[in-house]
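The lines below spell out each chain.
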Amino acid sequence: MTERTLSIIKPDAVARGLIGEILRKFESAGLKIVAAKLASLSREQAQAFYEVHRERPFYSSLTEYMSSGPILVSVLEGGDAISKNREIMGATDPAKAAPGTIRQQWGQDVEKNAVHGSDGPETAAREITFFFRPNEIHSR
Ligand code: CMP
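Bear in mind that the values here come from a model prediction, so they are computed numbers and not experimental data.

Now for helix H7 (residues 121-131). In an α-helix there are 3.6 residues to a turn, and that puts residues three or four apart on one side. Within H7, burial applies to Ala124, Glu127, Ile128 and Phe131. Each buried residue of H7 sits inside an arc of 100° when the element is viewed along its axis, so together they form one side. Counted as exposed and oriented over 90 degrees from the buried face of H7: Glu122 and Thr129. Of the surrounding secondary structure, the elements contacted by the buried residues of H7 are strand S1 (2-9), strand S2 (32-39), helix H3 (43-49), strand S3 (71-79), helix H5 (81-89) and strand S4 (115-117).

As structure tokens, this is what we get:
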């Protein structure tokens, strides 16, 4: 089934010049980039985006990190895009991520894990709407 998912290349990965290599992984796997932009989140925007984690012990540190520098947000489209993206990213903790996955290759620790990807259809719809207006998404 054709799906859309939201991807974020996180601040440390953008700062280390990894945008091109990470986007290449998505395209090589057959996912189409149908929207993309650099963004800088305020602390309040990062808190709103990660609202679901508000009670978690890492929430404060995570939202500080996610607002520490520019991120690259994109919408990926393709067959089973949500699970395919999660496969390409690898496990949340880079130490547990499978060889060849983005997080295994470029993640630094469980917080600075290079990328974020939506975890299901409802989250994807919410997260895409968080960053993009409909006319900024270009299916092809
Ligand atoms: P992400 O996919 O963006 O979703 C939530 C983020 O919280 C996660 O990636 C990590 O960057 C961060 N995080 C920090 N500590 C943890 C943890 N112990 N478990 C899960 N996520 C964590």
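Picking up after the structure, the text goes on.
Here we come to unusual backbone geometry. We note that Asp80 has phi near 50°; this positive angle belongs to a residue other than glycine. Considering the arrangement of structural elements, one finds Asp80 in the loop between S3 and H5. On the accessibility criterion, Asp80 (41% relative accessible area) is partly exposed. At Ala114, a position not held by glycine, the phi torsion is positive, near 75°. Relative to the helices and strands, Ala114 is located in the loop between helix H6 (102-106) and S4.

Among the secondary structure elements, Ala48 is positioned in helix H3. Residue Ala48 is classed as partly exposed on the basis of its relative accessible area, which comes to 35%. C-alpha separation for the pair Ala48 and Thr63, spaced 15 residues apart in sequence, amounts to 9.2 Å. Not counting chain neighbours up to four residues away, the residues in contact with Ala48 comprise Arg126 and Phe130.

For the rest of this paragraph, the subject is the pairing of S1. Buried residues dominate S1, accounting for six of its eight residues. Sheet analysis places S1 next to S3, joined by eight bridges and oriented antiparallel. Counterpart to Thr2 in the pairing with S3 is Gly79. In terms of strand pairing, S1 meets S4 through three bridges, oriented antiparallel. Residue Ile9 lies in a different strand from S4, and its bridge partner there is Val115.

Here we come to the site of the ligand. Lining the immediate environment of the ligand, one finds Lys10, Tyr50, His53, Phe58, Leu62, Thr92, Arg103, Val110, Glu111, Asn113 and His116. Separating an oxygen atom of the ligand from a side-chain N or O atom of Asn113 is a distance of 3.3 Å. His116 is positioned with one of its side-chain polar atoms (N or O) 2.9 Å from an oxygen atom of the ligand. Taking 450 Å² as the accessible area of the ligand by itself, protein coverage stands at 78%.

This part is about the sheet that holds S3. The antiparallel open sheet is built from four strands, whose spatial order is S2-S3-S1-S4. Unpaired on one side and paired on the other, S2 and S4 mark the two borders of the sheet. In this sheet, neighbouring strand axes are inclined to one another by 20° on average, regardless of whether the strands run parallel or antiparallel. Pairing of S2 with S3, which is carried by seven bridges, proceeds in the antiparallel orientation. Considered in S3, the bridge of Ala35 is made with Val75. Sitting on the sheet, H7 is in contact with S1, S2, S3 and S4, with an inclination near 55° to S1.

Analysis parameters
Residues numbered from 1 in each chain as written. Predicted model: local features only at pLDDT ≥ 70, side-chain atom pairs only at ≥ 80, totals over all residues. Heavy atoms only, no water. Buried < 20%, exposed > 50% of the residue type's maximum accessible area, 1.4 Å probe, protein only. Helix = DSSP H or I, 4+ residues; strand = E, 2+ residues; numbered from the N terminus. Arc of directions from axis to C-beta. Contact = heavy atoms within 4.5 Å. Pairing = 2+ DSSP bridges. Near = heavy atom within 4 Å. Polar contact = N/O pair within 3.5 Å; in protein donor to acceptor, adjacent residues only side chain to side chain. Areas by Shrake-Rupley, 256 points an atom, 1.4 Å probe, with all protein chains shown as cover. Axes fitted to C-alpha atoms, helices over the stretch in contact; angles between N-to-C directions.

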